[in-house]
Amino acid sequence: MPDHTSDSSEPEEAQMARTVAVTGGSGKLGRAVVAALIEEGWTVVNFDRVPSPDSRARFIRTDLTDYGQVVEALSGIDEVHRGVNAVVHLAAIPGATFAPNVATFDNNLVSTFHVFQAAKLFKIHNLVWASSETLLGYPFNNPPAYVPLDENVPPTPEVVYALAKDLEEEMARQYCRWNPDQKMIGLRCSNVMDPSEYADFPSFEKGRPPARGTCGPTSTPVTAPKRSSVRWNTTSLGSTTSSSLTPTPSCAGPRRN
Ligand SMILES: NC(=O)c1ccc[n+]([C@@H]2O[C@H](COP(=O)([O-])OP(=O)(O)OC[C@H]3O[C@@H](n4cnc5c(N)ncnc54)[C@H](O)[C@@H]3O)[C@@H](O)[C@H]2O)c1
């Protein structure tokens, strides 16, 4: 059984400098991010409502809609960590059609606010979270201004899931305005694909009309975080967004958002 607990002989600051909290680390994207961070040498603590099959990261069952739980999660958990240096916030209902709109909005926006606010409280200045390409107009019943879409297209959320992502980006802008030392990077992920799904790609392209929601790069390989290896102390300041982790050929598979 691997020992996930902190080494108490290590100076506290040294432990924090390589400990990252991942929310939603049990999910599709989260499992890949946790694996990539561990491979990079980080100590990862996974805060999720459900456990992960990957036991390398310590799992702490957490409901992010409860601010008290988020405060404790990021400040310190007995014998697990005494503070984190960075947060990767991925926990969410990952699309427009998994739950009633009000449940998606409540869960996602409140969770993200709690994570941003607790990060401010504990001065955790390195924060990456999952936004979504859907805020650019998915499902594109109205034609976009131009294709392929890029960061210059103003957000035009058409579904409640995307509206919440748009509001999260606005929250991030304001948190960074309040504190210029705060770094927040929102990744407008596309349709996240596990390598085990790559074999199905040809069937997405053949004999089917293009699926809705394919106005830009529409596939985010879950292996993508490996490509840009994880470095928190970059020079990037303020809230930034990126429309896709990795531009890939249009590939309209079964989608989450
Ligand atoms: N999957 C995609 O194609 C896609 C595309 C764009 C953006 N995103 C975003 O990426 C992120 C990860 O998506 P995913 O595909 O891995 O989703 P997923 O459903 O596989 O994983 C999400 C995880 O978050 C957890 N979670 C949800 N609400 C929670 C809460 N209140 N408290 C604690 N844990 C909670 C769930 O238990 C789950 O393990 C989400 O923010 C999603 O909106 C996903």
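Residues numbered from 1 in each chain as written. Predicted model: local features only at pLDDT ≥ 70, side-chain atom pairs only at ≥ 80, totals over all residues.

Visitor: What am I meant to see in the overall build of the protein chain here?
Guide: Scanning the protein chain for helices and strands turns up seven helices and nine strands. With 257 residues in all, the protein chain has 43% of them scored as buried. Considering only contacts in the protein chain between residues 6 or more positions apart, those separated by 24 or more positions represent 73%. (Helix = DSSP H or I, 4+ residues; strand = E, 2+ residues; numbered from the N terminus. Buried ≥ 20, exposed ≤ 12 C-beta atoms within 10 Å, placed from the backbone. Contact = placed C-beta atoms within 7 Å.)

Visitor: Would you take a moment to explain the site of the ligand for this structure?
Guide: The environment of the ligand is formed by 27 residues, the closest being Gly24, Gly27, Ala92, Pro94 and Ala130. By residue number, the principal contributor to the shell around the ligand is helix H2 (residues 28-39), which donates three residues. Residue classes in the shell around the ligand are distributed as eleven nonpolar, eleven polar and five charged. (Near = placed C-beta within 6 Å. Nonpolar A, V, L, I, M, F, W, Y, C, P; charged D, E, K, R; others polar.)

Visitor: Would you explain the pairing of strand E2 (residues 43-48) in this entry?
Guide: The side chains of a regular strand alternate, residue by residue, between the two faces of the sheet. Counting buried residues in E2 gives six out of six residues, a clear majority hidden from the surface. Across the two faces of E2 the burial is the same, with Thr43, Val45 and Phe47 and Val44, Asn46 and Asp48 all buried. Bridge analysis of strand E1 (residues 19-23) against E2 gives five bridges, and the strand direction is parallel. Pairing of Thr19 across the sheet is with Thr43, part of E2. Of the pairings in the sheet, the one linking E2 to strand E3 (residues 58-61) comprises four bridges and is parallel in character. Following the sheet pairing, Asn46 is matched in E3 by Phe59. (Pairing = 2+ DSSP bridges.)

Visitor: Could you clarify how one ought to interpret H2 in this entry?
Guide: Residue pairs three or four apart in sequence face the same way in an α-helix, which turns once every 3.6 residues. Along its twelve residues, H2 runs 17 Å from first to last C-alpha, staying within 8% of the 16 Å computed at 1.5 Å per residue. For H2, the complete set of buried residues consists of Leu29, Gly30, Arg31, Ala32, Val33, Val34, Ala35, Ala36 and Leu37. In the segment just after H2, Gly41 is the residue with positive phi, at about 95 degrees. (Expected span 1.5 Å × (residues − 1).)

Visitor: In this structure, what is going on with helix H3 (residues 67-75)? I would like to understand it.
Guide: Looking only at H3, the buried set comprises Val70, Ala73 and Leu74. When H3 is viewed along its axis, its buried side chains cluster within an angular range of 85 degrees and face the same direction. On its buried face, H3 sits against E1, E2, E3, strand E4 (86-89) and helix H4 (101-121). Looking one or two residues past H3, Gly76 carries a phi angle of roughly 155 degrees, positive in sign. (Arc of directions from axis to C-beta.)

Visitor: How should unusual backbone geometry be read in this particular structure?
Guide: It is generally the case that most residues other than glycine have a negative phi and that most peptide bonds are trans. Cis geometry marks the peptide bond from Tyr138 to Pro139, where omega comes out at 10 degrees. Structurally, Pro139 can be placed in the loop between strand E5 (126-132) and helix H5 (160-178). With an omega of -10 degrees, the peptide bond between Val147 and Pro148 qualifies as cis. One can find Pro148 in the loop between E5 and H5.

Visitor: Got a minute to help me understand the packing of H3 against H4 in this structure?
Guide: In contact at an axis separation of 9 Å, H3 and H4 are set at 45 degrees when each is read in the N-to-C sense. Between H3 and H4, the crossing angle belongs to the class labelled oblique. Crossing hand, H3 versus H4: right-handed. The segment H3 lies against H4, with Tyr67, Val70, Val71 and Leu74 engaging His114, Val115, Ala118, Ala119 and Leu121. (Axes fitted to C-alpha atoms, helices over the stretch in contact; angles between N-to-C directions. Parallel < 35°, antiparallel > 145°, perpendicular 65-115°, else oblique. Left-handed = near helix turned anticlockwise from the far one by under 90°.)

Visitor: Where do I start with the confidence of the model for the protein chain in this structure?
Guide: Reading predicted coordinates in detail is not appropriate for stretches of low pLDDT. Confidence along the protein chain averages 81 in pLDDT terms, with 74% of residues attaining 70 or more. Within the model, pLDDT remains below 50 along residues 1-8, and this stretch shows eight contacts once partners closer than five positions in the same chain are excluded. Low pLDDT, under 50, characterises residues 244-254; the predicted model gives this stretch 34 contacts beyond four residues in sequence or across chains. (pLDDT = per-residue confidence, 0-100.)

Visitor: Is there a simple way to think about the nonpolar core in this case?
Guide: General note: in soluble globular proteins, nonpolar side chains tend to be found buried as a group. Counting residues in each nonpolar core, the largest one holds 45 residues, and the members touching the most others are Val20, Ala21, Val33, Leu74 and Val87. Among all residues touching Val20, those that are not within four sequence positions of it are Leu37, Trp42, Val44, Val84, Asn85, Ala86 and Val88. One finds Leu135, Leu136, Tyr138 and Ala164 within the second-largest nonpolar core, a separate group that totals eight residues. (Core = buried A, V, L, I, M, F, W, Y, C linked by C-beta atoms within 7 Å.)

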